[in-house]
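Understanding the architecture of this molecule
So you can see what is in the structure, the chains are spelled out below.
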Amino acid sequence: TTCSAANQNCKDNDVSSSSLNDWECICKPPSNATAVGAAAVCVVDECNLHGTTCTGQNQTCTDPDQLNADDWVCQCVAPLQGNATADAANCTIDECVETCATCAADTCSKEGQSCNDPDHSSLSTSDWVCTCPPPSNGSAIANTATCQLDECVETCPTCAGTTCTDAGQTCVDQNQNSKSLSDWECVCPPPANATQVVGTADCSFDECQLQGSACLAAGQTCEDPNLLVDDDWLCKCTPPSVGQATGGAADCVLDECVETCPTCAGTTCSAVGQTCNDPNKAENSTGDWTCTCPPPSNGTAVANAATCIIDECTYTCPTCADTTCSAANQNCKDNDVSSSSLNDWECICKPPSNATAVGAAAVCVVDECNLHGTTCTGQNQTCTDPDQLNADDWVCQCVAPL
């Protein structure tokens with residue numbers, strides 16, 4: 001019973017009745033251990049039996065408890081990982097856990113890259129991958145990666161891409177090697193071609209370089225008032241014409257009277273105290289300006305000073321020429337109506353008097369007997385005019401003794 005309980009065989013080597021308690025328990029193969037009067041300790045290193053199963057797969061065999069059966073283990077040899085009990089192990093290898101100067105993990109980590117082994121099968125080696133850390137991009141199999149970092153794709157208030165786009169410019173990173181930093185540049189939109197490394201560019205551009213021909217074709221000048229603003233270029237009329245237009249030729253206005261030169265319209269008129277007027281201010285209408293005499297004179301001339309006429313007898317005021325003459329029942333006449341000849345008007349007595357006076361009423365002396373004397377003499381009477389300044393006071397006088 002003792003031996004059977006231990007799965008051992010029982011043997012009594014001396015079966016004589018005088019030989020008692022000399023039985024022994026014998027371990028079953030492969031153990032050959034025995035014990036007298038008790039169960040044997042059956043120590044068996046199962047690797048002696050099954051070791052080839054492991055070594056045939058380049059694995060090691062261990063029997064952790066030589067008192068138990070079927071607990072032998074096949075262990076993968078480092079750097080392979082894995083084990084199996086009572087059978088060959090399915091070995092795996094994560095190449096990224098090796099640590100040595102040329103191992104995967106060290107190769108990647110010394111460049112700040114992460115290591116990944118996509119296939120841990122022991123048959124799949126040298127397939128580990130180095131991957132660049134964000135925000136750079138890039139990976140390489142069994143080697144360090146060449147990391148690419150486009151600084152223009154970063155997004156933050158002060159990042160390259162934001163800095164450029166906020167200014168309406170394009171961000172370009174010419175060298176995207178992750179070790180080449182702070183070399184991005186902002187590029188101005190056409191037609192400007194300025195760039196600036198690590199900052200916004202000065203996109204100053206004189207639009208007249210592109211659009212100036214539109215002004216020149218109209219005989220005008222081009223001006224770009226703000227080199228940082230698009231579509232604000234101007235066509236400006238050439239003096240003395242005035243006018244301007246944004247984005248195209250201007251409708252120019254030419255007031256010839258505003259020109260200032262010894263022979264210009266305005267000067268020609270003002271030099272003689274006359275006013276200048278340009279009735280048609282279109283740029284192609286020239287030589288139509290006029291000089292006009294100041295009141296009360298009259299006169300206008302085209303493209304020249306006017307000959308001014310002033311008839312003083314047309315003035316109307318209590319002391320004016322016409323009023324003075326009319327009050328004396330006389331006619332007013334201005335013999336020289338040029339504007340330079342003033343106060344030469346005269347009052348002319350009405351017939352039969354022919355008296356005149358310059359600048360005043362005339363003394364109209366008339367001997368009415370020269371007109372009516374025959375009325376008297378026809379009756380043998382004499383005619384006298386007692387007051388030759390009054391009319392109708394002539395007298396017929398009878399001759400004595402009548």
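See above for the structure.
Anyway, here's the lowdown on the structure attached to this text. No experiment lies behind these values; they were computed from the predicted model shown.

Another aspect to go through is the overall build of the chain. Of the regular secondary structure elements, the chain holds 8 helices and 23 strands. Here the chain has a C-alpha radius of gyration of 68 Å; the compact-globule value for 402 residues is 21 Å, and the former is much larger. Taken along the three principal axes of its C-alpha coordinates, the chain extends 245 × 40 × 25 Å. Per-residue burial over the chain gives 32% buried out of 402 residues.

Looking now at a nonpolar patch on the surface. Together, Val-41, Val-43 and Leu-67 line one region of the surface with nonpolar side chains, adding up to about 290 Å² of accessible area. Topologically, Leu-67 is positioned in the loop between strand 4 (59-62) and strand 5 (73-76).

Within helix 5 (residues 208-216) the residues assigned to the buried category are Cys-208, Gly-212 and Cys-215. Burial along helix 5 is one-sided: seen end-on, the buried residues are contained in an arc of 55 degrees. Opposite the buried face of helix 5, by more than 90 degrees, sit the exposed residues Leu-210 and Ser-213. Tucked into the core, helix 5 has its buried residues touching strand 13 (221-223) and strand 14 (234-236).

Counted by the stated rule, this structure contains 26 disulfides. Linked covalently through their sulfurs, Cys-3 and Cys-25 form a disulfide whose S-S length is 1.7 Å. The disulfide joining Cys-3 to Cys-25 has a torsion of about -100 degrees about its S-S bond and is therefore left-handed. Taken together, the residues span a long stretch of sequence, with Cys-3 in helix 1 (residues 2-5) and Cys-25 in strand 2 (residues 23-26) at a distance of 22 residues. The pair Cys-3 / Cys-25 is uniform in exposure class, with both members buried. One disulfide in the model links Cys-54 with Cys-74; its S-S distance is 1.7 Å. The sign of the S-S torsion, about -90 degrees, decides the handedness of the disulfide formed by Cys-54 and Cys-74: left-handed. Taken together, the residues span a long stretch of sequence, with Cys-54 in helix 2 (residues 47-55) and Cys-74 in strand 5 at a distance of 20 residues.

In this section: the environment of Ala-88. With respect to the helices and strands, the residue Ala-88 is situated in the loop between strand 6 (83-85) and helix 3 (104-109). Taking C-alpha positions, Ala-88 is 90 Å from Gly-248, a pair spaced 160 residues apart along the chain. Ignoring any residue separated from it by four or fewer positions in sequence, one finds Ala-88 in contact with Thr-53, Gln-57, Gln-59 and Cys-74.

Take unusual backbone geometry next. Here the residue pair Pro-239 and Pro-240 is connected by a cis peptide bond, since its omega of 10 degrees sits within 30 degrees of zero. Tracing the backbone shows Pro-240 in the loop between strand 14 and strand 15 (244-246). With omega at 0 degrees, the peptide bond leading from Pro-295 into Pro-296 counts as cis. Residue placement: Pro-296 occurs in the loop between strand 17 (290-292) and strand 18 (300-302). One non-glycine residue, Ala-142, adopts positive backbone phi at about 55 degrees.

Glancing now at the nonpolar core. Counting 6 residues, the largest nonpolar core consists of Cys-152, Ala-160, Cys-164, Cys-171, Trp-184 and Cys-186. When near neighbours in sequence (up to four residues on either side) are disregarded, Ala-160 contacts Glu-151, Cys-152, Cys-171 and Trp-184.

Rules used in this analysis
- Residues numbered from 1 in each chain as written.
- Predicted model: local features only at pLDDT ≥ 70, side-chain atom pairs only at ≥ 80, totals over all residues.
- Heavy atoms only, no water.
- Helix = DSSP H or I, 4+ residues; strand = E, 2+ residues; numbered from the N terminus.
- Rg over C-alpha atoms; globule rule 2.2 N^0.38 Å.
- Buried < 20%, exposed > 50% of the residue type's maximum accessible area, 1.4 Å probe, protein only.
- Patch = residues over 30% accessible without salt bridge, like charges linked within 9 Å, V, L, I, M, F, W, Y side chains within 5 Å.
- Areas by Shrake-Rupley, 256 points an atom, 1.4 Å probe, with all protein chains shown as cover.
- Salt bridge = Lys/Arg side-chain N within 4 Å of Asp/Glu carboxyl O.
- Arc of directions from axis to C-beta.
- Contact = heavy atoms within 4.5 Å.
- Disulfide = S-S within 2.5 Å.
- Core = buried A, V, L, I, M, F, W, Y, C linked by side-chain atoms within 4.5 Å.

Limitation: the analysis is restricted to geometry and does not speak to function.
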